Amino acid sequence: MSFTDELADVGDPIWDAVVDHPMVERLGEGTLDEAPFRYWVRQDYVYLVEYARVFALGAANAPDLERMGTFAELLDATINTEMDLHREYAAEFGISEAELEATDPSPTTRAYTDFLVRVAATGTFGDLVAALLPCMWGFHETAVRLDERGRPDHEQYAAWIEMYVGEEFADLAEWCKDLMDDVAADATAAERERYRDIFETSARYEYRFWDAAWREEEWSV
Ligand SMILES: Cc1ncc(CN)c(N)n1
């Protein structure tokens with residue numbers, strides 16, 4: 001049994017909860033109000049900036065040139081391709097680039113991205129991979145599960161599923177799982193336990209990120 005097979009026991013119930021959350025369930029059915037989705041699009045833009053920072057830290061901490069190069073490519077792809085696509089996608093919901101840039105992180109976005117960046121900046125390379133894995137694996141799993149229920153009539157929601165179920169994101173999820181397995185193969189039992197905890201925290205934040213959008217969460221004061 002690989003280490004990521006063990007992590008699947010932690011992740012699976014969380015991905016199940018994600019697809020059963022009303023925000024995601026309605027996205028999959030095409031019945032989701034656009035207001036919480038617009039909120040999600042804006043918060044995800046903020047998230048992607050910090051996510052890119054994790055790739056930069058991954059390149060800085062990578063133990064060999066090959067992995068350093070892959071993290072550098074992911075940084076480039078996120079900043080120069082995924083964020084362009086995100087801006088185009090946001091425009092379809094009437095959200096301008098200026099509005100994306102002016103978005104303040106919600107409490108959950110702040111907490112999740114601070115967690116990711118803290119682990120990436122102060123932890124080991126294995127800690128960083130464990131923190132990143134739910135972002136790649138969880139999104140792909142969510143899209144796969146929604147796709148199994150059938151594509152919605154809503155054009156943009158169907159495009160969301162199509163993007164994350166597609167080959168590029170499937171390959172990214174596999175790459176990150178292989179990387180986790182490689183790192184875990186040389187780790188002590190205590191390190192693997194720590195990777196499991198970090199993975200679980202990130203996966204829980206993935207759920208909270210959808211829930212915050214559903215509630216259009218704001219700071220209380
Ligand atoms: C919150 C979140 N998690 C993961 C992904 C996939 N890159 C994303 N765009 N947003």
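Residues numbered from 1 in each chain as written. Predicted model: local features only at pLDDT ≥ 70, side-chain atom pairs only at ≥ 80, totals over all residues. Heavy atoms only, no water.

Points about the side chain of Lys177
Position of Lys177 relative to the elements: it lies in helix α9 (residues 167-185). We classify Lys177 as buried; its relative accessible area is 17%. In contact with Lys177, other than residues within four places in its own chain, are Thr4, Leu133 and Trp137. (Helix = DSSP H or I, 4+ residues; strand = E, 2+ residues; numbered from the N terminus. Buried < 20%, exposed > 50% of the residue type's maximum accessible area, 1.4 Å probe, protein only. Contact = heavy atoms within 4.5 Å.)

What to know about the site of the ligand
Lining the immediate surroundings of the ligand are Asp44, Tyr47, Leu48, Tyr51, Glu82, Cys135, Phe139, Tyr164, Glu206 and Phe209. Taking Glu206, its side chain carries an N or O atom lying 2.8 Å from a nitrogen atom of the ligand. Of all the secondary-structure elements, those providing two or more residues to the shell around the ligand are α3 (34-61), α7 (125-148) and α10 (189-214). Among the residues making up the shell around the ligand, the classes are represented as seven nonpolar, no polar and three charged. (Near = heavy atom within 4 Å. Polar contact = N/O pair within 3.5 Å; in protein donor to acceptor, adjacent residues only side chain to side chain. Nonpolar A, V, L, I, M, F, W, Y, C, P; charged D, E, K, R; others polar.)

Examining the pattern of salt bridges
For the coordinates displayed, the defined rule picks out 18 salt bridges. Linking Arg145 and Asp16 is a salt bridge whose minimum nitrogen-to-oxygen distance equals 2.2 Å. Placement of Arg145 in helix α7 and of Asp16 in helix α1 (residues 3-20) is noted, with a sequence separation of 129 residues between them. In this structure Arg145 comes out as buried when scored by relative accessible area, which is 16%. Asp16 sits in the partly exposed class, given a relative accessible area of 37%. Put simply, Arg87 and Asp84 hold a salt bridge, and the shortest N to O gap is 3.0 Å. Taken together, the residues span about one helical turn, with Arg87 and Asp84 both in helix α4 (residues 65-91) at a distance of three residues. Each of Asp12, Asp16, Glu141 and Arg145 takes part in salt bridges that share partners, so that together they form one network. (Salt bridge = Lys/Arg side-chain N within 4 Å of Asp/Glu carboxyl O.)

Details of the nonpolar core
A general tendency of soluble globular proteins is for nonpolar side chains to be buried together. Within the largest apolar cluster, 70 residues are counted, with the highest numbers of intra-cluster contacts made by Phe37, Trp40, Leu132, Trp160 and Trp210. Considering each element in turn, this core owes the most residues, 13 residues, to α7. If sequence neighbours within four positions are ignored, Trp160 has contacts with Leu27, Phe37, Trp40, Tyr89, Phe139, Thr142, Ala143, Leu146 and Trp210. (Core = buried A, V, L, I, M, F, W, Y, C linked by side-chain atoms within 4.5 Å.)

Structural notes on the environment of Asp127
Position of Asp127 relative to the elements: it lies in helix α7. Looking at Asp127, the relative accessible area reads 6%, which means it is buried. As a C-alpha pair, Asp127 and Val183 span 56 residues in sequence and 9.5 Å in three-dimensional space. Look past the residues within four positions of Asp127 in its chain and what remains in contact with it is Val119, Arg194, Tyr195 and Ile198.

Examining unusual backbone geometry
A positive phi angle, near 45°, is found at Glu216, a position not held by glycine. Positionally, Glu216 belongs in the segment after α10. Of the residues examined, Glu216 reaches a relative accessible area of 35% and is grouped as partly exposed.

Shape is all these values report; function is a separate question.
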